[in-house]
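Observations on the three-dimensional arrangement
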Amino acid sequence: MKKLKTGVYSALGRIYIPEEIRGKKDLILHISDTPLAIYPAIRRLIRKMKPKVIIHTGDLADHIKLEFNEHLMNEFLNDARKIIRIMEFSSADEVYLVMGNHDKYRKVKEMVTRSSLVEMSAMMKIEGHDFHLSHYYEDVITDPRDYNLYGHNPEKKNHKVRTRWFLNGVSSINVIEGSSGKVHELRYPWGTDSYRYRRVKSGL
């Protein structure tokens, strides 16, 4: 039934929250490489889940591919501001933003009001666990911690090596229970990858 509900929600452009984590107060939400089309779904997810911590591991407006389209800077600023507001206007105690290859650190720094920015990669303790945050898998594997969060490359799937988790925010929305450390994988809305890569395919 859970798998069926997950599929139905995804097809409808929504994100299914498993019953086992509903109402929990210690949730850490990890997302990455977010295109504009899924911002409404992310907003609904955050409002319903009410995570204690939100971590975004880069490419705030991934549909723009700013690294290859500097002329779209104004569009990037407009759309990045939207997702930042969704996260910062939430009830989360902490918001961490890791810069991706399609972000601009100085521009994002001017937009945030309470988020903690990570320009490259950083190691920190969150809810009693050691985290390594980066946009790139290649960074976190050099000095792995309890939870290693990244994005960018959809081929580097979630996996566990002994006691250490490696979580890719591109392949799934990841939710970590702060108290138990248990990891839950949520499915992005249907078509998310198409929205992420449509500009590359169209040559824009």
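What you see is a predicted model; the values in this text were computed from it and never measured.

To continue, consider the sheet that holds strand S2 (residues 53-56). Strand order in this open sheet of six strands is S4-S3-S2-S1-S10-S11, and the pairing throughout is mixed. The open sheet has two free edges, formed respectively by strand S4 (116-118) and strand S11 (183-186), since each of these has just one partner strand. Between one strand and the next, the sheet's axes are offset by a mean angle of 20 degrees, whatever the strand orientation. One ladder, built from four bridges, connects strand S1 (residues 27-31) with strand S10 (residues 173-177); its direction is antiparallel.

Tallying each qualifying case throughout the model produces four aromatic pairs. Measuring from ring centre to ring centre gives 5.2 Å for Tyr9 and Tyr16, while their planes differ by 65 degrees; the resulting arrangement is edge-to-face. Owing to a relative accessible area of 6%, Tyr16 belongs among the buried residues under this scheme. These aromatic residues form a ring-pair network of at least three members: Tyr137, Tyr150 and Phe166.

The rules behind the values
- Residues numbered from 1 in each chain as written.
- Predicted model: local features only at pLDDT ≥ 70, side-chain atom pairs only at ≥ 80, totals over all residues.
- Heavy atoms only, no water.
- Pairing = 2+ DSSP bridges.
- Helix = DSSP H or I, 4+ residues; strand = E, 2+ residues; numbered from the N terminus.
- Axes fitted to C-alpha atoms, helices over the stretch in contact; angles between N-to-C directions.
- Phe/Tyr/Trp six-rings, centres within 6.5 Å; stacked < 30°, edge-to-face > 60°.
- Buried < 20%, exposed > 50% of the residue type's maximum accessible area, 1.4 Å probe, protein only.

What is shown is where atoms sit, not what they do.
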